[in-house]
Amino acid sequence: IELVDGLAYVAAGGSLHIVDVSNPATPLELGSVRPSGGVTNFVISGDLAYVAAEIAGLRIIDVSDPATPTEIGFLDTPGYARGITVVGTIAYVVGFDSGLRVIDVSNPTTPIEIGFVDTPRATWDVKTMGTLAFLACGDSGLRVIDVSNPAAPVEIGALDTPGYSRQLALVGTIAYIADTGSGLRVVDVSHPAAPVEVGAADVPSN
């Protein structure tokens with residue numbers, strides 16, 4: 001889910017739903033779209049939704065009219081697209097057997113891959129901070145990628161978490177990692193070449 005200007009964008013059942021939540025007591029769905037491959041993850045930027053759509057790669061949806069969201073562009077990335085973030089005109093897409101793909105989306109109707117770096121087999125999430133991309137890489141933990149040259153991203157650091165890293169969030173120089181089997185891991189990334197775990201909390205189940 002992502003909240004933007006009184007609208008909730010929700011991934012559910014393989015579709016992207018747009019819900020008016022300006023009155024929280026009576027949320028109202030305005031429109032929905034099911035892109036090829038469904039919706040595994042997404043990010044809203046301006047009037048566009050960038051969707052990681054499993055086997056269908058990157059799909060770009062025009063959401064300027066919430067009642068009729070419409071796919072306007074796509075790039076069929078290798079493997080299964082599972083995580084995405086967008087910074088300016090660059091989309092970073094990760095997935096299963098697909099590494100980190102760096103994609104120019106300055107023309108959303110014709111996104112173009114401009115860089116790539118291999119990652120451990122199952123990569124689930126990606127977040128950025130400045131010229132760095134942080135990846136949740138399953139049983140390979142946290143990986144740190146230098147993307148200062150989008151055409152040639154390179155891994156510069158890593159931390160093998162105890163469990164299976166699925167999602168992460170960045171707040172300042174702290175990464176919070178949802179690590180299946182070992183709960184929440186709190187990692188100091190102020191020195192990205194050598195991330196250090198500084199805390200952890202167990203959580204129920206997975």
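Look up a bit, the structure's there.
Residues numbered from 1 in each chain as written. Predicted model: local features only at pLDDT ≥ 70, side-chain atom pairs only at ≥ 80, totals over all residues. Heavy atoms only, no water.

Give me the overall build of the protein chain: which residues, what numbers.
Across its full length, the protein chain carries zero helices and 20 strands. The globule rule puts the C-alpha radius of gyration for 206 residues at 17 Å, and the 17 Å found for the protein chain is close to it. When its C-alpha atoms are laid out on the principal axes, the protein chain stretches across 45 × 40 × 25 Å. Burial status across the protein chain gives 48% buried among its 206 residues. Across the protein chain, the fraction of contacts at a sequence separation of at least 24, relative to all contacts at a separation of at least 6, is 35%. (Helix = DSSP H or I, 4+ residues; strand = E, 2+ residues; numbered from the N terminus. Rg over C-alpha atoms; globule rule 2.2 N^0.38 Å. Buried < 20%, exposed > 50% of the residue type's maximum accessible area, 1.4 Å probe, protein only. Contact = heavy atoms within 4.5 Å.)

Go over the sheet that holds strand β17 (residues 164-171) with me, naming the residues and quoting the values.
With respect to topology, four strands assemble into an open sheet ordered β17-β18-β19-β20, the strand pairing being antiparallel. Two strands lie at the open edges of the sheet, namely β17 and β20 (196-201), each paired on one side alone. On average, each strand axis in the sheet is inclined to that of its neighbour by 25 degrees, with strand direction left out of account. (Pairing = 2+ DSSP bridges. Axes fitted to C-alpha atoms, helices over the stretch in contact; angles between N-to-C directions.)

I'd like a description of the side chain of Thr123, backed by residues and values.
Its location among the elements puts Thr123 in the loop between β12 (112-117) and β13 (125-129). Using a relative accessible area of 0% as the deciding quantity, one classes Thr123 as buried. Only 3.2 Å separates the side chain of Thr123 from the backbone oxygen of Pro120, close enough to count as a polar contact. (Polar contact = N/O pair within 3.5 Å; in protein donor to acceptor, adjacent residues only side chain to side chain.)

How would you explain the sheet that holds strand β16 (residues 154-159) if you had to name every residue and give the values?
In spatial order, the strands read β13-β14-β15-β16; together these four strands make up an open sheet with antiparallel pairing. Whereas interior strands pair on both sides, the edge strands pair on one side only; in this sheet they are β13 and β16. When strand polarity is set aside, the average angle formed by the axes of neighbouring strands in this sheet is 25 degrees. Taken together, the five bridges between β13 and strand β14 (residues 132-136) define a ladder with antiparallel strand orientation.

Outline the pattern of salt bridges, supporting the account with residue identities and numerical values.
Under the counting rule described, the total for this entry stands at six salt bridges. Of the charged contacts in the structure, one is a salt bridge between Asp125 and Lys127, with a shortest N-O distance of 3.0 Å. (Salt bridge = Lys/Arg side-chain N within 4 Å of Asp/Glu carboxyl O.)

Give a detailed account of the packing of aromatic side chains, specifying residues and quantitative values.
Applying the stated criterion across every chain, the model contains two aromatic pairs. Judged by centre distance (6.4 Å) and plane angle (70 degrees), the ring pair of Tyr80 and Phe96 falls under edge-to-face. One end of the pair, Tyr80, is in strand β9 (residues 80-87); the other, Phe96, is in strand β10 (residues 90-96), with 16 residues separating them in the sequence. Under the relative-accessibility criterion, Tyr80 is labelled partly exposed at 35%. Seen in terms of ring centroids, Trp124 and Tyr164 are 6.4 Å apart; in terms of plane orientation they differ by 70 degrees. Their pairing is edge-to-face. With Trp124 in the loop between β12 and β13 and Tyr164 in strand β17, the pair connects residues that are 40 residues apart, well separated along the chain. Exposure remark for Tyr164: the relative accessible area of 25% places this residue in the partly exposed category. Directly above the aromatic system of Trp124 lies the positively charged group of Arg82, at a separation of 4.3 Å from the ring centroid. Looking at Arg166, its charged tip hangs above the ring of Trp124, at a distance of 3.8 Å from the centre. (Phe/Tyr/Trp six-rings, centres within 6.5 Å; stacked < 30°, edge-to-face > 60°. Lys NZ or Arg CZ within 6 Å of the ring centre and 35° of its normal.)

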